[in-house]
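Read off the chains here:
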Amino acid sequence: MADYEISSPYASDFIKHEEILETLEYAERHKNDTVLIDEILNKAKPKREGKKLSCVGLSHREASVLLACEDPEKNAEMIALAEEIKREFYGNRIVLFAPLYLSNYCINGCLYCPYHLKNKHIPRKKLSQEEIRAEVIALQDMGHKRLAIEAGEDPVHNPIDYILESIETIYSIKHKNGAIRRVNVNIAATTVEEYKLLKDAGIGTYILFQETYHKDGYEHLHPTGPKKDYAWHTEAMDRAMQAGIDDVGLGVLFGLDKYRYEFAALLMHAEHLEAVYGVGPHTISVPRVKKAEDIDPAAFDNSLTDELFTKLIACIRIAVPYTGMIISTRESEAVREQALRMGISQISGGSRTSVGGYAEAERPHDTEQFDVSDQRTLDEVVDWLMKLEYIPSFCTACYRAGRTGDRFMELCKSGQISNCCHPNALLTLKEYLMDYASETTKKRGEELILKELANIPTDNVREKTREWIEKINSGERDFRF
Ligand code: SF4
Ligand code: SF4
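Keep in mind that this is a model prediction, so the values were computed, not measured.

What follows is about the packing of aromatic side chains. Enumeration according to the criterion identifies eight aromatic pairs in this entry. Measuring from centroid to centroid gives 5.9 Å for tyrosine 432 and tyrosine 436, while their planes differ by 35°, and the two rings are tilted. In this structure, tyrosine 432 and tyrosine 436 share a single accessibility class: buried. Through a chain of ring-to-ring contacts, the aromatic side chains of Phe394, Tyr432 and Tyr436 assemble into a single cluster. One residue, arginine 61, lies across the ring of tyrosine 26, its end atom 5.3 Å from the ring centre. Here the basic side chain of arginine 376 rests over the ring of tryptophan 384, its NZ or CZ set 4.2 Å away from the ring centre.

Pasting the structure below:
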């Protein structure tokens, strides 16, 4: 094995190019080695000890063999295993969130993003605190409780004080029965000091997509601006964790470079965080390059088919069973439906990817970061999920109960998640039905709640959930386990 230093603080050691190349070569050599593939699949299967169910996950090498496999029978077993892990650990709950774009001012030169500095046709916009209020009220009126804020990197227009003030504004807005209960933050790599400020502001997850782990490719795609520094960007999660943020979200922009390379590197990054901080990434996002103003996805020749994309999701699910997986409205309804089965646990709904898009009656396109494939309303997405027999969840309980980082992982690994996530999903769905749902959605949701109450395993938790649902019926809000 190449000299891969998992615990090193340097990106060049924990994302080691030679190790990735050797991994890809190893995976290619063993891609149809059914004996090895069986061993890997067996290792990854959920195992039960008494009441406790656990999974050990896979190394980046093992998972890369699965991804490379071309044997249709083994691929079918792989998909079945991903579905089993998804079912056992996440049940049929899907957490919903929305992105909120604060500003598209940006001094970076990312070739795949319309907000890059040299794009002179896109209008630049930064929301004032008053405009943020209007956006948040519009999001609350849809029923959202969990946001991911997004802003370009620009120390003049979007300094950390602006981000902090915006977070404070978002948390402070109480409107009818609405409240944003968790703000995740997706802003540029920054210093330990600024990450500490974000932690103190009460953020949920700090999200930063790597875009590509391939250093040469990365430097080509980021010709100008602070983001061109590969090490600074790749080591950002280390600084965030050193600052005490223990829920971090990784992601790759699939299509920029070879997907097998990105996959192995993404898992190496997760292994590094687990080895050094005792907790792996809280979430992994799987965006694919999409069309946008000034951006043609055909300019990036590493696009992957829907079939490969969903297999990749299944392989991530198997490799890191305790990490939440996110898919956005970049993907169509059909792709999202498949992805949900194979491992996705969180989706955005009713998203607008422009700055100030929610307060507008019609979806504006002038400042969009990318084309939204799934343009349905949140209510339509909620109803669709229920038709597919998922429970749409607006739960934010763990973060608010201080169950982050290793305490959150403990909950996942203890087997108690069905006594926690499941009732919380029902409680938050009930709130949604009472406050925001259309009549059709409400009817379907009430039936679903009745049916799903019976699936809460522990008697006292089931009874408490029933009691709280009655209280929500009478106008009380915000119950959680
Ligand atoms: Fe700026 Fe982010 Fe777009 Fe790059 S990807 S141009 S950093 S907003
Ligand atoms: Fe997520 Fe925790 Fe809620 Fe489960 S209980 S859905 S892990 S926030």
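Still more ground to cover, so stick around.
We now examine the site of ligand 2. Every residue close to ligand 2 is listed here: Cys395, Ala397, Cys398, Arg403, Phe408, Cys421 and Asn424. Elements that contribute at least two residues to the shell around ligand 2 include exactly helix H16 (397-400) and helix H18 (421-435). Taken together, the residues that form the shell around ligand 2 break down as five nonpolar, one polar and one charged.

To continue, consider the pairing of strand S3 (residues 93-103). Across the 11 residues that make up S3, a large majority, 11, are buried. Pairing analysis gives three bridges linking S3 to strand S11 (residues 391-393), with the strands arranged parallel. Counted as the bridge partner of arginine 93 is isoleucine 391 from S11. Inspection of the sheet shows S3 paired to strand S10 (residues 346-348) by three bridges, in the parallel sense. The residue of S10 that forms the bridge with phenylalanine 97 is serine 348. As defined by bridge partners, S3 adjoins strand S4 (residues 146-151) across five bridges and the pair is classed as parallel. Each bridged residue has a counterpart across the sheet, and for tyrosine 101 the counterpart in S4 is glutamate 150.

Attention now goes to the nonpolar core. Counting 155 residues, the largest nonpolar core has Leu198 and Ile347 as the members making the most contacts within it. If one sorts the elements of this core by residue count, helix H12 (residues 259-277) sits on top with 10 residues. Counting the residues that make up this core, at least three belong to each of domain 1 (2-14 + 91-288 + 322-375) and domain 2 (407-473). In this structure, Phe97, Ala148, Phe209 and Ile326 belong to the second largest nonpolar core, which totals five residues.

This part takes up helix H8 (residues 192-200). Among all positions in H8, only Val192, Tyr195 and Leu198 are buried. Down the axis of H8, the buried set is contained in an arc of 110°. They therefore lie on one face. Away from its buried face by more than 90 degrees, H8 exposes Glu193 and Asp200. Of the residues flanking the end of H8, it is glycine 202, one or two places downstream, whose phi is positive at about 85°.

So, about the environment of aspartate 161. Structurally, aspartate 161 is set in helix H7 (residues 160-172). Here the alpha-carbon distance between aspartate 161 and leucine 197, two residues 36 residues apart in the chain, equals 9.2 Å.

On to the side chain of aspartate 383. Here aspartate 383 shows up in helix H15 (residues 378-387). The buried category is assigned to aspartate 383, whose relative accessible area is 9%.

To continue, consider the state of the cysteines. Counted by the stated rule, this structure contains zero disulfides. Not engaged in a disulfide, the cysteine cysteine 69 finds its nearest cysteine sulfur in cysteine 315; these two sulfurs lie 8.8 Å apart.

Attention now goes to the side chain of histidine 422. Topologically, histidine 422 is positioned in helix H18. Judged by relative accessible area, histidine 422 falls into the buried class, the value being 5%. What histidine 422 contacts, discounting residues up to four positions off in sequence, is Asn92, Arg93, Ile391, Ile417, Glu452, Asn455 and Ile456.

Our next topic: helix H2 (residues 17-29). Spanning 13 residues, H2 covers 18 Å between terminal C-alpha atoms, matching the ideal 18 Å at 1.5 Å per step. Burial in H2 covers these residues: Glu19, Ile20, Thr23 and Ala27. The buried residues of H2 occupy an angular sector of 100° when the element is viewed end-on, so they sit on one face. Those residues of H2 that are buried are in contact with helix H4 (60-68) and H12.

Turning to the domain arrangement of the protein chain, a few remarks are in order. With domains assigned, the protein chain is organised as domain 1 (2-14 + 91-288 + 322-375) and domain 2 (407-473). Relative to domain 2, the C-alpha centre of domain 1 lies at a distance of 28 Å. Contacts between the two partners involve 17 residues from domain 1 and, on the opposite side, 15 residues from domain 2. Both sides of the domain 1 and domain 2 interface together cover about 1200 Å² of buried area, and 52% of this is carbon and sulfur. Here aspartate 246 ties to arginine 407 by a salt bridge, and the two come within 3.4 Å at their closest N and O atoms. Counting the contacts that link domain 1 with domain 2 gives five residue pairs in polar contact (both at pLDDT 80 or more). Examining the composition of the side of domain 1 that touches domain 2, we find that three residues originate from one element, helix H6 (residues 129-142), more than from any other. In terms of residue class, the side of domain 1 that touches domain 2 is made up of four nonpolar, seven polar and six charged.

Look at H4 against helix H13 (residues 306-319): their axes get within 10 Å of each other, and the N-to-C directions meet at 155°. Regarding the angle of H4 to H13, the classification is roughly antiparallel. In the packing of H4 onto H13, the handedness of the crossing is right-handed. The segment H4 lies against H13, with Ala63, Leu66, Leu67 and Ala68 engaging Lys311, Leu312, Cys315, Ile318 and Ala319. Here the residues of the contact of H4 with H13 are counted per class, giving eight nonpolar, no polar and one charged.

Criteria and cut-off values
- Residues numbered from 1 in each chain as written.
- Chains lettered and ligands numbered in written order.
- Predicted model: local features only at pLDDT ≥ 70, side-chain atom pairs only at ≥ 80, totals over all residues.
- Heavy atoms only, no water.
- Phe/Tyr/Trp six-rings, centres within 6.5 Å; stacked < 30°, edge-to-face > 60°.
- Buried < 20%, exposed > 50% of the residue type's maximum accessible area, 1.4 Å probe, protein only.
- Lys NZ or Arg CZ within 6 Å of the ring centre and 35° of its normal.
- Near = heavy atom within 4 Å.
- Helix = DSSP H or I, 4+ residues; strand = E, 2+ residues; numbered from the N terminus.
- Nonpolar A, V, L, I, M, F, W, Y, C, P; charged D, E, K, R; others polar.
- Pairing = 2+ DSSP bridges.
- Core = buried A, V, L, I, M, F, W, Y, C linked by side-chain atoms within 4.5 Å.
- Domains from an automatic or database assignment.
- Arc of directions from axis to C-beta.
- Disulfide = S-S within 2.5 Å.
- Contact = heavy atoms within 4.5 Å.
- Expected span 1.5 Å × (residues − 1).
- Buried area = accessible area lost by both parts, 1.4 Å probe.
- Salt bridge = Lys/Arg side-chain N within 4 Å of Asp/Glu carboxyl O.
- Polar contact = N/O pair within 3.5 Å; in protein donor to acceptor, adjacent residues only side chain to side chain.
- Axes fitted to C-alpha atoms, helices over the stretch in contact; angles between N-to-C directions.
- Parallel < 35°, antiparallel > 145°, perpendicular 65-115°, else oblique.
- Left-handed = near helix turned anticlockwise from the far one by under 90°.

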